[in-house]
Amino acid sequence: MKAIRRFTVRPVLPDPLRPLADLACNLRWSWHDPTRALFESVDPEGVRDADGDPVRALGAIDSGRLAALAADPDFLARLRAAAEDLDRYLTEPRWYQRQPGEPPAAVAYFSPEFGITAALPQYSGGLGILAGDHLKAASDLGVPLIAVGLLYRHGYFRQSLSRDGWQQEHYPVLDPGELPLSLLREPDGGPARVTLALPGGRSLHAHVWVARVGRVPLLLLDSDVEENAPGEREVTDRLYGGGSEHRLLQEMLLGIGGVRALRTYCRLTGTPAPEVFHTNEGHAGFLGLERIRELAEPAADGRPGLDFDAALEAVRAGTVFTTHTPVPAGIDRFDRALVARHLGEDGALPGLDTGRILALGDETPLGGEPGVFNMAAMGLRLARRANGVSTLHGHVSRAMFAGLWPGFDPEELPLTSVTNGVHAPTWTAPEVAALGPEATDRELWEVRRTLRERLVLDVRQRLRASWRQRGAAAAELGWTDSVLDPDVLTIGFARRVPSYKRLTLMLRDKERLRSLLLHPERPVQLVVAGKAHPADEGGKRLVQELVRFADDPRVRHRIVFLPDYGMGMARGLYPGCDVWLNNPLRPLEACGTSGMKAALNGCLNLSVLDGWWDEWFEPDFGWAIPTADGAAALDEERRDDLEAAALYELIERRVAPRFYDRGADGVPADWTAMVRRTLTDLGPKVLADRMVQEYVERLYVPAAEAHRALGPDAARELAAWKARVRAAWPKVSVDHVEVGDDLRDAELGATPAVRVRVALGDLLPEDVEVQVVTGRVDADDRLLSPRTAVLKPAGGPDLDGRHPYTGALSLDHTGPFGCTVRVLPSHPLLSHPAELGLATLPSETTGEGAGVLLR
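Description of the structure in this document.

Reading guide: rules and limits
Throughout this description, residue numbers start from 1 for each chain and increase along the sequence as written. For this predicted model, a pLDDT threshold of at least 70 governs which residues receive local features, and a threshold of 80 or more governs which side-chain atom pairs are given and counted, while totals over whole chains, interfaces and linings are taken from all residues. By convention in this description, side-chain values take in all heavy atoms of the structure and omit both hydrogens and water. Counting from the N terminus, the helices are DSSP H or I runs at least four residues long and the strands are E runs at least two residues long. Summary of the burial criterion: residues with accessible area below 20% of their type's maximum are buried, those above 50% are exposed, and those between are partly exposed, where the area comes from a 1.4 Å probe applied to protein chains only. The criterion used for residue contact is that any of the two residues' heavy atoms lie within 4.5 Å. Only buried Ala, Val, Leu, Ile, Met, Phe, Trp, Tyr and Cys residues count toward a nonpolar core, and they belong to the same one when joined by side-chain atoms within 4.5 Å. By definition, two strands form a pair when at least two bridges between them are found by DSSP. Note on aromatic contacts: the rings of Phe and Tyr and the six-membered ring of Trp form a pair at centre separations within 6.5 Å, being stacked when their planes are under 30 degrees apart, edge-to-face when over 60 apart, and tilted otherwise. The criterion for a charge sitting over a ring is simple: Lys NZ or Arg CZ within 6 Å of the ring centre, and within 35 degrees of the ring normal. In the analysis that follows, any N or O atom pair within 3.5 Å is treated as a polar contact, provided that within protein one partner can donate a hydrogen and the other can accept it, and provided that, for residues neighboring in sequence, both atoms belong to side chains.

## Some points on the side chain of T117
For step 1, the next point in the chain: In this structure, T117 sits in the loop between β1 (107–110) and α7 (126–141).
For step 2, the next point in the chain: For T117, a relative accessible area of 9% corresponds to the buried category.
For step 3, the next point in the chain: With sequence-adjacent residues up to four places away left out, T117 is seen in contact with L27, W29, S30, Y123 and M567.

Structure, rendered in structure tokens:
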């Protein structure tokens, strides 16, 4: 018989053991070794069977064992110490509490996925793992973050392989009662609920589950509630599943429902309302629309709400948007009619102008389609502050979204970068964390060998389990006992499998790869893992190609593919590898944090100069794979041939010899020197603590200050000013430019005068800023690394109404030099000169042309 309903019966702990429940329900255990060790001592076998999850382990523990522990004074002393340590962690002042001024009282962080621990499988890849590390680092630093996401009842899919190597997807059902979660409840004990109106009189209801990530509450909305119709119950069924309308409903629940859940949580717990909202990718972008709706409603004291434009300004002031994709194909896009139907008068946001909503997602300035609603475009328009996730990705993002700020060079746009980081306590092996700076080369080498051996044993176990799933009998799997060798150079490659990450670049020349794997003196072994999206048939074919190569009896002891890549596997994979391989198609890797996790363990990176590696690569940290350029880069086949050949060459001639070149003591001194430099010099750069501190100082604090400055009256004034400027801007022009008297003999250090006359139409001088822009010029007279200086008014308007401005150039470079002038809108409450996307430059017939060239 099959059960018609599933539920979890939680154990009743004896009073002396009650602190175990608090320790189990705070996910700090996932990165706190002493707490994990305590639970392992409760029931080592049970914790292993529960994949390290103490909530599941406690649910299965024998009552006799509980009674024995309750009477064990040594265990109770350890339990008391652990509980006191957690209490100190949750309450003591930390880095954030020591910051000067008034940082935001709370920050809301919205993301479609969170990778906290394998025990809470609500992630698919790098975006979720990054979000999880963001929460953990915020907790360690004391940042008052409140995180918001969705609770997917099937999580992301579990991966296995068919006999012929084809990816199979499985969606196990997750019972929230078996997870480290608690249901948010109203004072009467009933579950707190948020509701969204849907077209046709339908409603989407959701309960709110709370995960405790150290000091950070993570709110997860769950649509699998009895009040919903069957279709609505399935909205949070799985991560990144379903068709367009299903995804739209997920993102509406995340953004609109997430804000409502946040308000409910703050009401019930007394938590301060967030002053800053951080949107992690466009999936959560609808949160800005819900906040506009809130501000448009009349206040409790009867004062009228804000109109759309004023509410938009107030929302933008306190919003931060992070983009993670370097390609337009990675952005969620919906049919405009579908969005209008779900957000209009018969939908979730009645009272808001649907036309204004649709304009926020208009992608035509980006060269997109007029009938499409672009979530990233909306996210950027709803945020004053935006960033990419590495320096290179910042450059790529500014070029990609430049159309939203016409009239400005990409490098001037209000889109900065904060390079991702990873949470060291989560990803660093204890053996590595215990190494001090005084560790000898031999100690480093022995730790690396220990971790490699542990990985080899884990790989053999996982490989046997995979082959059993593929239909192999135990009797035919004896060969798995000799798969990999703990003394062979081990290269790891594990990540999602979109085509641009090039899983199979290593197979470009299979014979050459075999020769590397089977080299008689300097062999190499590869551990590979990765999931293709269920709808990505091309990605599945790449997985199958790799698996079929790894199945070859000639090489299967030197290369393995491990299915079902996730956090549990990753925590052993990064420390156990000697080299971490990354060969994406440059510059399509936004950051690529797997190599950071490897570096924290002394694993050396072998990577294309993309993402974070482009920023921090040094020869002491690893190797850079050369990339094709020019005509070769445009020919996909030739490009991949060249870059694969470069990869083989690096491994054969530089990587392997350095690993195997041993001294008399058996230690490769040059290799351990690179390991040491990676740990001491690169390690501190890749930390999530550094990343979160940058977000606080560069984005959250300025956003909170802007939020406080833009109260209702200021928001109305700024919105009215922007409307007036936009209407008047077509009449703004630069009518005359003079630079110096004779520039033919210009010398270094000279300061020739600049005189400009500007027509402002209906605007006033205080509405604009007139700038001179200078810098070196290239062969096409483009300004390189331009610098700006403000020109000052030089009297009233002339008879034609033109306003004079003056200033001076600073000729601080020799060689080709150029300048131009421009007029920009100016207001004390603007966060960036390009905010309105308005700029006026001289016409080619004005004065001496569009600028002056000094050669």
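## A short note on the nonpolar core
For step 1, the next point in the chain: F110, M252, F286, L289, I292 and L343 are the most contacted members of the largest nonpolar core, which has 95 residues in total.
For step 2, the next point in the chain: Residue contributions to this core peak at eleven residues, all from helix α9 (residues 244–269).
For step 3, the next point in the chain: One finds V497, L503, L507 and Y648 within the second-largest nonpolar core, a separate group that totals 48 residues.

## Brief notes about the pairing of strand β27 (residues 817–825)
For step 1, the next point in the chain: With nine of nine residues buried, β27 is to be regarded as a mostly interior element.
For step 2, the next point in the chain: Judged by which residues are buried, β27 turns out to be covered on both faces: F817, C819, V821, V823 and P825 on one side and G818, T820, R822 and L824 on the other are all buried.
For step 3, the next point in the chain: Looking at chain direction, strand β23 (residues 768–777) and β27 are connected through nine bridges and run antiparallel. Residue pairing across strands places V768 opposite P825, the latter belonging to β27.

## Here we look at the packing of aromatic side chains
For step 1, the next point in the chain: The final tally for this structure, using the stated rule, is 17 aromatic pairs.
For step 2, the next point in the chain: Centroid distance W427 to Y574: 5.7 Å. Interplanar angle 80 degrees. Geometry classified as edge-to-face. Of this pair, W427 sits in helix α16 (residues 424–427) while Y574 sits in helix α21 (residues 567–576); the two residues are 147 residues apart in sequence, bridging distant segments of the chain.
For step 3, the next point in the chain: With a relative accessible area of 3%, W427 lands in the buried category.
For step 4, the next point in the chain: By way of ring pairs, the aromatic residues W445, W623, F659, Y660 and W671 are connected into one cluster.
For step 5, the next point in the chain: In this arrangement the basic side chain of R238 is found over the ring face of Y171, its NZ or CZ atom lying 3.7 Å from the centre.

## Considerations on the sheet that holds strand β21 (residues 733–739)
For step 1, the next point in the chain: Read across the sheet, four strands follow the order β21-β22-β26-β25 without closing on themselves; strand pairing throughout is antiparallel. The sheet is open, and its two edges are formed by β21 and β25 (792–793), each paired on a single side.
For step 2, the next point in the chain: Pairing of β25 with strand β26 (residues 802–808) involves two bridges; the strand directions are antiparallel. Along β26, the bridge assignment pairs K792 with T806.

## Digging into the environment of E649
For step 1, the next point in the chain: Mapping E649 onto the fold places it in helix α25 (residues 636–660).
For step 2, the next point in the chain: A relative accessible area of 31% places E649 in the partly exposed class.
For step 3, the next point in the chain: It is 50 Å that separates the C-alpha atoms of E649 and L253, two residues lying 396 residues apart in sequence.
For step 4, the next point in the chain: If we skip the residues at most four places from it in the chain, E649 touches R512 and R654.
For step 5, the next point in the chain: In terms of polar contacts, E649 uses its side chain to reach the side chain of R512, at 2.9 Å.

## Let's talk about the environment of A753
For step 1, the next point in the chain: Tracing the chain through its elements places A753 in strand β22 (residues 753–759).
For step 2, the next point in the chain: Note on A753: relative accessible area 29%, which makes it partly exposed.
For step 3, the next point in the chain: Counting along the chain gives 57 residues from A753 to S810, while the straight-line C-alpha distance between them is 9.4 Å.
For step 4, the next point in the chain: When near neighbours in sequence (up to four residues on either side) are disregarded, A753 contacts E738, V739, G740, G807 and A808.

## What to know about unusual backbone geometry
For step 1, the next point in the chain: Geometrically, the link from R586 to P587 is a cis peptide bond, its omega value of 0 degrees lying close to zero.
For step 2, the next point in the chain: For P587, the location among the structural elements is in the loop between β18 (579–582) and α22 (594–599).
For step 3, the next point in the chain: With a phi close to 65 degrees, L484 is a non-glycine residue in the positive phi region.

Treat this as a map of the structure, not an account of what it does.
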